[in-house]
Amino acid sequence: MNSKITIAGVEFKNPVMTASGTFGSGREYGEYMDLNQLGAVVVKGVAITPWKGNPAPRIAETYGGMLNSVGLQNPGVEAFIENDIPFLRQYDTKIIVNIAGRTIEEYCQVAERLGEVDVDLLELNISCPNVKEGGVAFGTDPFMVEKVTKEVKKYSKQPLIVKLSPNVTDITEMARAAESGGADGLSLINTLLGMAIDIYRRKPVLAMKVGGFSGPAIKPVALRMVYQVNKAVNLPIIGMGGIMTGEDAIEFIMAGATGVAVGTAHFNNPRASLEVVEGIQKYMDTYGVKDLAEIRGII
Amino acid sequence: MCLTKEQWKNKKRVEILKNIEIAQNVYKMDLQVGEMVKKIQPGQFINLYCNQGQRLLPRPISICQVDEKREILTIVYGVVGKGTREFAQYQSQDKVDIIGPLGNGYDELKKEQHSILIGGGLGVPPLVELAKRLSGNVEVYLGFRSDPFLVDTFKQYTNQVYVATDDGSYGYKGTVLDLLNQKKHVKEQAMIYSCGPKPMLKNIVKWAKEKQYPIQVSLEERMACGVGACVGCVCKIQNVETGEWEYRRVCKDGPVFNGREVVWDE
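Just so it is clear, the structure is predicted and the values come from calculations on it, not from any experiment.

What counts as what
- Residues numbered from 1 in each chain as written.
- Chains lettered and ligands numbered in written order.
- Predicted model: local features only at pLDDT ≥ 70, side-chain atom pairs only at ≥ 80, totals over all residues.
- Heavy atoms only, no water.
- Pairing = 2+ DSSP bridges.
- Helix = DSSP H or I, 4+ residues; strand = E, 2+ residues; numbered from the N terminus.
- Axes fitted to C-alpha atoms, helices over the stretch in contact; angles between N-to-C directions.
- Contact = heavy atoms within 4.5 Å.
- Core = buried A, V, L, I, M, F, W, Y, C linked by side-chain atoms within 4.5 Å.
- Buried < 20%, exposed > 50% of the residue type's maximum accessible area, 1.4 Å probe, protein only.
- 1 Å grid on protein atoms, 1.4 Å probe; cavity = no way out; pocket = protein on both sides within 12 Å on 5 of 7 lines; lining within 4 Å.
- Points joined across faces, edges and corners; volume = space filled by probe spheres on them.
- Nonpolar A, V, L, I, M, F, W, Y, C, P; charged D, E, K, R; others polar.
- Phe/Tyr/Trp six-rings, centres within 6.5 Å; stacked < 30°, edge-to-face > 60°.
- Lys NZ or Arg CZ within 6 Å of the ring centre and 35° of its normal.
- Patch = residues over 30% accessible without salt bridge, like charges linked within 9 Å, V, L, I, M, F, W, Y side chains within 5 Å.
- Areas by Shrake-Rupley, 256 points an atom, 1.4 Å probe, with all protein chains shown as cover.
- Salt bridge = Lys/Arg side-chain N within 4 Å of Asp/Glu carboxyl O.
- Expected span 1.5 Å × (residues − 1).
- Parallel < 35°, antiparallel > 145°, perpendicular 65-115°, else oblique.
- Left-handed = near helix turned anticlockwise from the far one by under 90°.
- pLDDT = per-residue confidence, 0-100.

Trainee: Quick question: what am I supposed to make of the sheet that holds strand E4 (residues 59-67) of chain B here?
Mentor: All names here are of chain B. Taking strand neighbours around the barrel as the criterion, the six strands line up as E1-E2-E5-E4-E3-E6 in a closed arrangement whose pairing is antiparallel. Within the sheet, the average angular offset between the axes of one strand and its neighbour, ignoring direction, is 45°. Packing against the sheet, helix H1 (residues 82-89) makes contact with strand E1 (12-23), strand E2 (26-32), strand E3 (45-48), E4 and strand E5 (72-78), and its axis sits at approximately 130° to E5.

Trainee: Sorry, what's going on with the nonpolar core here?
Mentor: Of all hydrophobic cores here, the largest spans 136 residues; its most connected members are Met17, Val97, Leu114, Leu186 and Leu188 of chain A together with Ile118 of chain B. When sequence neighbours within four positions are dropped, the list of residues in contact with Leu114 of chain A reads Val77, Phe80, Ile81, Val97, Ile99, Val119, Leu122 and Gln158 of chain A. Val124, Ala131, Leu150 and Cys195 of chain B belong to the second largest nonpolar core, which has 26 residues in total.

Trainee: What's the story with empty space enclosed by the protein in this structure? I'm lost.
Mentor: If a probe as big as a water molecule is rolled over the atoms, it shows which places are left empty. Residues and elements named next belong to chain A. Evaluation of the coordinates by the stated rule reveals one cavity of 30 Å³ or more. Estimates place the volume of the largest cavity at around 490 Å³. What lines the largest cavity is a set of 37 residues, among which Ser20, Thr22, Asn68, Asn190 and Thr191 lie closest to the centre. Of all the secondary structure elements, the ones that give two or more residues to the lining of the largest cavity are strand E4 (40-46), strand E6 (65-68), strand E16 (259-262) and helix H8 (265-268). Per-class residue counts for the lining of the largest cavity are 18 nonpolar, 17 polar and two charged.

Trainee: Any chance you could explain the pairing of strand E11 (residues 191-195) of chain B here in plain terms?
Mentor: Look at any regular strand and the pattern is simple: side chains alternate between the two faces of the sheet. Residue and element names in this part refer to chain B. Counting buried positions along E11 yields five of five residues, so the element is predominantly enclosed. Here five bridges tie strand E7 (residues 114-120) to E11, and the two strands are oriented parallel to one another. If you follow Ser115 over to E11, its bridge partner there is Met191. With four bridges connecting them, E11 and strand E12 (residues 215-218) associate as parallel partners. Bridge pairing in E12 links Ser194 to Val217.

Trainee: Where do I start with helix H2 (residues 104-114) of chain A in this structure?
Mentor: Because the α-helix completes a turn every 3.6 residues, residues three or four places apart line up on one side. Taken residue by residue, H2 of chain A has Ile104, Glu106, Tyr107, Cys108, Val110, Ala111 and Leu114 of chain A as its buried positions. Where H2 of chain A is buried, its residues meet E4, helix H1 (77-88), strand E7 (94-99), strand E8 (121-125), helix H3 (136-139) and helix H4 (142-155) of chain A.

Trainee: So what exactly am I meant to see when it comes to the layout of surface pockets here?
Mentor: Approximately 760 Å³ is the volume attributed to the second largest pocket. Contributing to the lining of the second largest pocket are 29 residues, with Gln73, Asn74 and Pro75 of chain A together with Val231 and Arg249 of chain B lying nearest its centre. Breaking the lining of the second largest pocket down by element, the ones donating at least two residues are E4 and H1 of chain A together with strand E14 (245-249) of chain B. With five residues, E14 of chain B is the largest single contributor of residues to the lining of the second largest pocket. Classifying every residue of the lining of the second largest pocket by side-chain character gives 10 nonpolar, seven polar and 12 charged.

Trainee: Could you clarify how one ought to interpret the packing of aromatic side chains in this entry?
Mentor: Given two aromatic rings, their pairing is described by the distance between the two centres and the angle made by the two planes. Tallied over the full model, the rule gives 13 aromatic pairs over all chains. When the ring of Phe144 of chain B is compared with that of Phe149 of chain B, the centres are 4.9 Å apart and the planes differ by 65°; the resulting orientation is edge-to-face. A connected cluster of aromatic rings, assembled from ring pairs, spans Tyr27, Tyr77, Phe87 and Tyr90 of chain B. Positioned above the aromatic ring of Tyr247 of chain B is the side chain of Arg58 of chain A, whose terminal nitrogen or guanidinium carbon lies 4.8 Å from the ring centre.

Trainee: Help me out: how do you make sense of unusual backbone geometry in this one?
Mentor: The phi angle of most residues is negative, glycine excepted, and most peptide bonds adopt the trans form. The omega torsion of the bond from Ala56 of chain A to Pro57 of chain A falls at 0°, within 30 degrees of zero and hence cis. Of note, Pro57 of chain A is situated in the loop between E4 and strand E5 (59-62). With an omega dihedral of 0°, the bond running from Gly100 of chain B to Pro101 of chain B counts as a cis peptide bond. Mapped onto the fold, Pro101 of chain B is located in strand E6 (residues 95-102). Look at Lys209 of chain A: it is not a glycine, yet its phi comes out positive at around 75°. Inspection of the secondary structure puts Lys209 of chain A in the loop between strand E13 (203-204) and strand E14 (210-214). For Lys209 of chain A, a relative accessible area of 52% corresponds to the exposed category. One non-glycine residue, Glu71 of chain B, adopts positive backbone phi at about 55°. As for its placement among the helices and strands, Glu71 of chain B is situated in the loop between E4 and E5.

Trainee: Which parts of the structure should I look at to understand a nonpolar patch on the surface?
Mentor: A grouping of Leu193, Met195, Ile197, Ile199, Tyr200 and Val210 of chain A is seen on the molecular surface, where their side chains present a nonpolar patch of about 680 Å² in accessible area. A residue is classified by how much of its surface remains accessible, and Ile197 of chain A, at 53% relative accessible area, is exposed.

Trainee: How do you make sense of helix H9 (residues 272-287) of chain A when you look at a structure like this?
Mentor: All names here are of chain A. Along its 16 residues, H9 runs 22 Å from first to last C-alpha, staying within 8% of the 22 Å computed at 1.5 Å per residue. The set of residues buried in H9 consists of Ala272, Ser273, Leu274, Val276, Val277, Ile280 and Met284. Elements in contact with the buried residues of H9: strand E3 (16-18), helix H7 (246-255), E16 and H8. Trailing H9 by a residue or two, Gly288 shows a phi angle of about 60°, which is positive.

Trainee: I tried to follow the packing of helix H5 (residues 171-181) of chain A against helix H6 (residues 219-232) of chain A on my own but got confused; where do I start?
Mentor: In a packed pair of helices, the relevant descriptors are the angle between the two axes and the axis-to-axis distance. All names here are of chain A. With their axes 9 Å apart at the nearest point, H5 and H6 run at an angle of 45° to one another. It follows that H5 is oblique to H6 by the angle criterion. For the pair H5 and H6, the sense of crossing is right-handed. Each of Ile171, Thr172, Ala175 and Arg176 in H5 lies in contact with H6, whose residues at this interface are Met225, Gln228, Val229 and Ala232.

Trainee: Looking at this model, I keep getting lost on the packing of H1 of chain A against H2 of chain A. Mind explaining?
Mentor: All names here are of chain A. One can describe the packing of H1 onto H2 by two numbers: an axis separation of 10 Å at closest approach and a directional angle of 25°. Between H1 and H2, the interaxial angle falls into the category roughly parallel. H2 is crossed by H1, and the crossing has right-handed handedness. Contact with H1, carried on its side by Val77, Glu78, Phe80 and Ile81, involves Val110, Arg113 and Leu114 of H2 and no other residues of that element. For the contact of H1 with H2, the per-class residue count stands at five nonpolar, no polar and two charged.

Trainee: Help me out: how do you make sense of the confidence of the model for chain B in this one?
Mentor: Interpreting fine coordinate detail is not advised for predicted regions of low pLDDT. Mean pLDDT over chain B works out to 93, with 94% of the residues at or above the 70 mark. In the model output, the complex is listed with pTM 0.95 alongside ipTM 0.93.

Structure below.
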C-alpha cells in the first residue's frame, strides 16, 4: 500500500499534515508523538516582524467545535528561522511555512527570506479572520487573491500553496484567482467566522467578539468546498476542516484532496494526526487501495 | 532532541474514586492516576477531557493534592459551565481521560523560611499541596464569597489558617485583603504564593509590593490545547525594567508567574 503523495513536485511520505496555527512549530506536540510519522508539519503563521496577537479570551468552545481569535501571534521570521527550523529538521518530515502579512510587501519579504533557508513549501495565509489588515481582507476579493499570489510567487523559491477562506459566496472564484496568480496548490478551508455570547455576563465570549470557527462541526462545509474547488481548478489541494479520524481524511481525498491537514482534533487528542495516518493505512489495507490516487476525487 | 517512544506523553484513561460536592457547586474528585503522582509540583494542572464527544476541549483543572503512596490525585473544581457540569455528574468507578501534570508550578522556598499563602474562591485548591510541602512558618489566608471549603485540610499542615467571607458567614467578614491588613506582618522576609480571581490577585500584588515581598501568582485563562501549541490562553507579562510586555501562554509559560511581571489592565 502506498500512501505517498506529491504536491508541486515535493514528495510526502503520507498525506497527513498539521493545520497551521494548531500545532505551533511541532515542539509541544513532539512530546506526545513521533513527528517523523507525519507527512508534513505546517507551522503557525510567520510574519516579517513579531506580532503580539489579540487580547484574551481568545478561545470559546462551541458544540462540536471551537472559536479562536489568536490573531497570528508570532515571533517574526528571524526568530522562527533561528529556533524552529533546526528543531524541525531533526525529523524526517516536510516543513510547510504559513506566511502572514499586513501588506503584499510584507508577504513578499517573508517569502523572500524563507527562500534562503531549508523549508519545503510556503503556504500563503490570506484567510485569517482574526487580523484587521492582511489575512482575510486579501482572501475574499478575487482580484486581490490573484494579485497577492502573483506578487508573492515572484519572491518564492519554494512552491507556493494558497490557503483559502470559506467566508466567501463562491470559493471556486477565489480558487481560480489563485490559479491565475500562479499558485502551485491550494489549501482549504481556513476557519469560518463565528461568534459566541456569554448570556450571564451579556458579553461576547471572545475579547475580539468574533473569531474563527473550527472542529468537526465544520467538516461538511469544508468537504463541500474541497469538492467544488477540485472540480473548478487543476491544482493539488490540501483539504482540512474538522478532520478527526482516518475516515474523515478519506472523505476529503474522495472529494479531491491530495493532502489532508489535522488541526483542532489535536486539542481533543494530542496524537490525533498520527491516528489519522493509521486510519488511512487501515482503510487502504481493508479495502485494497494500493495508491491514494485510486480514490482521489472519485466523487 | 527527539524523544523515544517510551518518553512520549499521552492521554491516560483513569478511574474516578470519589466525586463529591464539598461546597455549593464546588466538587472534589479523587483520581487513581498511577505513577504520575511522583512528578507533580504544587501549582501544576491537568487537562481533564469530557466524555461527551461534542465537548472537544479539555478543562484545565489545578491539582489540589496528591497521595503518593496510594497514587491518588485530587482536584477541586467549580461548576462554571457545561463541561464542569458534566464532571459533577460522574460517579465513582467512572473513567475519564487526563493529561498531566502540565505547566509550571510554584517555586518552593527552602526550608525554614516564611511563606504566606493567599487564595480566593476556586483559587484556593492549588495551595493545598503547596501548604503540605512547605516547611518553616506557613500562614494561609483564604477568601470566599460565602461557603468556604478545604479549610480543615489546610489546618492539617499549619495552625495559621485565616478565613474571610464576603457575607461574614464564616470567619472574618470582608475580603481576604482586608483580613491581611488586619494582621501585622513584621517579618522582614516572606514569599507570597497566591491564586484567585484577577481583581483579587491585582490587589494582592499591590499589597505585596508595598510590603516588598516577592510574590508568585497562578493565573487562569480559557484554554484550548493546554500544552502550549495553540497560543489561546495568554496573559500580558512585562519586563519590569523596560515596561515592554508580550502575551505569554498561561498553560506552558505559567500558570504561575512572578506577580510583579503581570500586567493587570484587562
